[in-house]
Amino acid sequence: MAYKRQIDRLPIIPADADEFNVTCHYCIVGCGYKAYTWPMNRQGGTAPNQNKFGVDLSEQQFQDSEAWYAPSMYNVVRQNGKDVHLVVKPDTNCVVNSGLGSIRGARMAENRPSKVTGTQQQRLSDPMVWRNGVWQPTSWDDALDLVARVTAKVAVEGSEDDIVVSMFDHGGSAGGYENTWGTGKLYFESMKIKNCRIHNRPAYNSEVHSTRDMGVDELNYAYEDYTLTDTIFMVGANSMETQTNLYLNHMVPGLQGGAKMIVVDPRRTLTIASSEQYAGPENVLHLAIAEGTDMVLFNALLTHIVDQGWVDADFIDASTFQGGEAVAQDSAHPAGLGSLEYAMQTCRTTLDEAAEVCGVSAADIQKAAEWIAQPHEDGSRRKCVTCYEKGIIWGNDNYRTIGALVNIALATGNVGREGGGVCRLGGHQEGYFRPSEAHVGRPSEYVDQFLIRGLGGVHHIWACDHYKTTLNASEFKRVHKRRSDMVKDAIDGAAGGTREQVVDAIVSAINAGGLFVVDVDIIHSQIGQNAHVILPACEANEMNLTSMNGERRLRLSEKYMDPFGNSLPDALIAAKIAQHMERVLREMGEDAYADQFQGYDWETEEDAFMDGYGAAHTAVTYERLRAAGNNGVQEPVVGYENGQLVGTTRLYTDGVFTRHGREDGKALFCAAGWRGWQAPGKAREQAAHRFWINNVRANIFWQNQFLDQDNDFVQDRYPHPFVEMHPDDMVDLGLNPGDLLEIINDNGVTQGMAYPMPTLKRNTVAMVFGSPAGSQGNVVNPGVNELVLPDYKHCWGDIRKISDATAQIRGISFKSHEIML
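Remember, it's a predicted structure, so these values are computed and weren't measured experimentally. For every chain, the first residue of the written sequence is number 1, and numbering continues from 1 along that sequence. Local features are withheld for residues below a pLDDT of 70 in this predicted model, meaning they are given only at 70 or higher, and side-chain atom pairs are given and counted only at 80 or more; totals for whole chains, interfaces and linings count all residues. Excluding hydrogens and water, the side-chain values take into account all heavy atoms of the structure.

Here a strand is any run of E in DSSP of at least two residues, a helix any run of H or I of at least four, and the numbering for each starts at the N terminus. Within the secondary structure, Q79 sits in strand 3 (residues 74-79). By the criterion applied in these results, polar contacts are pairs of N or O atoms within 3.5 Å in which, for protein atoms, one can donate a hydrogen and the other can accept it, and in which residues neighboring in sequence qualify only through two side-chain atoms. Among the polar contacts made by the side chain of Q79, one reaches the main-chain carbonyl oxygen of Y560 at a distance of 2.8 Å. Beyond its immediate sequence surroundings of up to four residues, Q79 is in contact with D18, F20, T37, V84, Y560 and D562. Whether two residues are in contact is decided by their heavy atoms: any pair within 4.5 Å suffices.

Okay, structure coming up:
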């Protein structure tokens, strides 16, 4: 933010400033913050009774003082129609972060819209409709009338299968229990939409089908388990970079307390370098496997553990299935499930076999097995907490690979015990509460290909931009734009006509292959350029929002400022669409269909919460969550006693596994047999191109940079998407640090900035995911697993230089990220 530069002072928070609980809305860790607001014509003083923290500010404060805050934590916002000072700073009493602030969360205040300081003025403020060749601002009623008339006409004259929906399924930011219920009730209860997809993948599905089918919820531990364990086993994740405060506040104390760490990742990461500093290199094992070979490694670890007798026999006998095959492999289950003996028939892999495939030594694989499962000298069982994320979730053969990893935790009894757990680390927070989506089916529709084939006529998009975050993106963009342009041309051709004439023109264009697009978002996104109606949503803290973090910690992040312009919570937008659908359908004489859109008389987001989550969890209310503060309560909530919500620290402590819905409560092992590259086209690409194009995240921004595109602090650091390369590869291609390059293959082309990284293997690159200036998805082929999970992590291409470094790049440091802490 240009206005923040050279700031030498900030206002003091007065003692009587209003205080709000805030959960950081970026990553799944969900750090606790406090927001303070007070009138513009006042500020606090240095005397203890004059400031919020009751300390003498005339004296030098200690490092990390609770009274300190940075310019990034300050702004001026609107509250109840008036400008107020705002400070959003870490909460020292929150057990998640203990006062730590990430580079994302600690910028929440400066990323709030303000007409006083000029921040985030790209936010959408009013509904817009495509008229006369441009987007024209209009009223909610006008915009929603058009949405309802086109949607209803297409659904009635065709079917609901002609309606396509892209929507979030997460908490934080635009998600939360309020908004997922609003959209879910609209599309899964009032309608039965089956052609829908999730914000980061091209179908409506789970990213972790296999662990759920095995009975194990993917979020089953507590963050404190990292401090109680003997070994942290991290796979396909880089928490120091992407979940900084989970790493610093929980993993680091574990390492300092004697825990060992195993990291499975083809590249050396910041997490590995940092862990070596905290625990000593001798206590950190990096298994730098060949890309896509995780399953073979896991099967070898399991085999060695079983053969050495390091399994938890009591746990296996009491809590896992004993009868051979329980679930046969079929179209909904890409691997069979059953007993440990059943799984071992296909999983058995020797250390030498794994070493040959994975490219790591048999000795290191054996050492990893020992760190995971070898009992202590006194015979006590070793504790191991396993954490994994996008490296295998978006990787090769998702179902079997995750199943093979969960096998290890089950075999060693490291589920439901202190210092154990086998959990995904997550991206966004979770806030999913919707009616049943059983009608969607499994496998669900591959929606991107559905649209590319010319199917569907109406596309409702909620807080997604798959121009930046989908695979086969080049083809998807071309087709989506062509089809939406057909409708724009029809609207332009009907200019000046009645609403009925415009709707008829739109539907005629749809029947000819066009696509009517409605985009709900907080900014005008890239996919939103195709929209015919744009609906402005508000964010967390412009509304009250509930979500849970990676240890299932449920909190209420409170509203402390007005929504920007005329924007609304997604839940209330969904309610308004439903109300207009009911009205329009009655006008069409479709009373029975119209009846399905009743029950949306919500006036606030709390009404939506109580209609959905609150109705199913009667102990949980806004008032009780507000009282629980930033420590909240860990789900599932089991009651309300002595003025407090009662939660669950970790799941499966009773050894009963329920996620799969089986009455016996027994966990299942996965017959995770190795079959090489599972998704079509990967082997051919690997053979045809020099560079493996991996995708990664960066600490400084999150996801698709939606609020960072106009943030000077971020854009000064990374004005172009970075493409990390080995310096020798850069020399081969005539690239200097910061030069612009293209990545090319048969799927498409993308662009980035060369960034030297000496720790990378030759002929591999690591490109930041989801950048608005260059999408890695452009060069990812359409290959998915049987349940339509994308393999974003594995594509190959060639690289060529476009130009020398631009003027924007001259101030960038290209020093190694591995600095001493």
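Here the narrative resumes.
Further remarks concern the sheet that holds strand 2 (residues 32-39). The pairing criterion for strands is at least two bridges between them, as found by DSSP. Spatially, 4 strands are ordered 1-2-4-3 in an open sheet, and the strand pairing comes out antiparallel. Edge strands, defined here as strands with exactly one partner in the open sheet, are strand 1 (18-23) and strand 3. Across this sheet, the average inter-strand angle for adjacent strands is 35°, counted without regard to direction. In this structure, strand 2 lies alongside strand 4 (residues 82-90), joined through 7 bridges in antiparallel fashion. Residue pairing across strands places T37 opposite L86, the latter belonging to strand 4. Only the stretch in contact is used when a helix axis is fitted, and all axes are lines through C-alpha atoms; the angle between N-to-C directions ranges over 0 to 180 degrees.

A few words now on the UniProt feature "domain: Molybdopterin oxidoreductase" (unreviewed entry) in the protein chain. UniProt positions are given in the numbering used here, feature names are shortened, and annotations may be inferred rather than shown by experiment. As recorded in UniProt, the feature "domain: Molybdopterin oxidoreductase" (unreviewed entry) lies at residues 123-578. In residues 123-578, helix accounts for 41% and strand for 15%; the two terminal C-alpha atoms are 25 Å from one another.

The next point concerns the side chain of H304. Within the fold, H304 resides in helix 8 (residues 294-307). Those residues within four positions of H304 in sequence are excluded, and the remaining contacts are W310, L351, Q366 and A369.

A few words on the environment of E160. Examined against the element boundaries, E160 turns out to sit in the loop between helix 1 (140-157) and strand 7 (163-167). Between buried and exposed lies partly exposed: a residue is buried under 20% and exposed over 50% of the maximum accessible area for its type, with that area taken using a 1.4 Å probe on protein chains only. A residue is classified by how much of its surface remains accessible, and E160, at 18% relative accessible area, is buried. Between the C-alpha atom of E160 and that of S125, which follows or precedes it by 35 residues, the distance is 30 Å. Setting aside chain neighbours within four positions, we find E160 in contact with A155, S190, M191, K192, I193 and Y593. Side-chain polar atoms of E160 contact the backbone nitrogen of K192, separated by 2.9 Å.

Here 3 strands make up an open sheet; going across it, the order is 19-20-21 and the pairing antiparallel. In the strand order of this sheet, the two ends are held by strand 19 (545-548) and strand 21 (633-634), each with one partner. The sheet contact formed by strand 20 (residues 553-557) and strand 21 spans 2 bridges and is antiparallel. Within strand 21, the residue paired with R553 across the bridge is Q634. Relative to the sheet, helix 2 (residues 176-190) contacts strand 19 and strand 20, its axis offset from that of strand 19 by approximately 100°.

A pairing counts as a salt bridge when a side-chain nitrogen of Lys or Arg comes within 4 Å of a carboxyl oxygen of Asp or Glu. Tallied over the full model, the rule gives 56 salt bridges. The salt bridge involving D145 is made with R583; its shortest N-O contact spans 2.8 Å. Linking D145 in helix 1 with R583 in helix 18 (residues 570-587), this pair joins segments that are 438 residues apart in sequence. According to the relative accessible area criterion, R583 is partly exposed, its value standing at 30%. A salt bridge links R586 to E582, with the shortest nitrogen-to-oxygen separation between them at 3.0 Å. Residue R586 and its partner E582 are located together in helix 18, separated by 4 residues, close to a single helical turn. Residue classification places R586 among the partly exposed positions, given a relative accessible area of 30%. Through salt bridges that share partners, R131, D142, D145, R149, R499, R583 and E587 make up one connected network.

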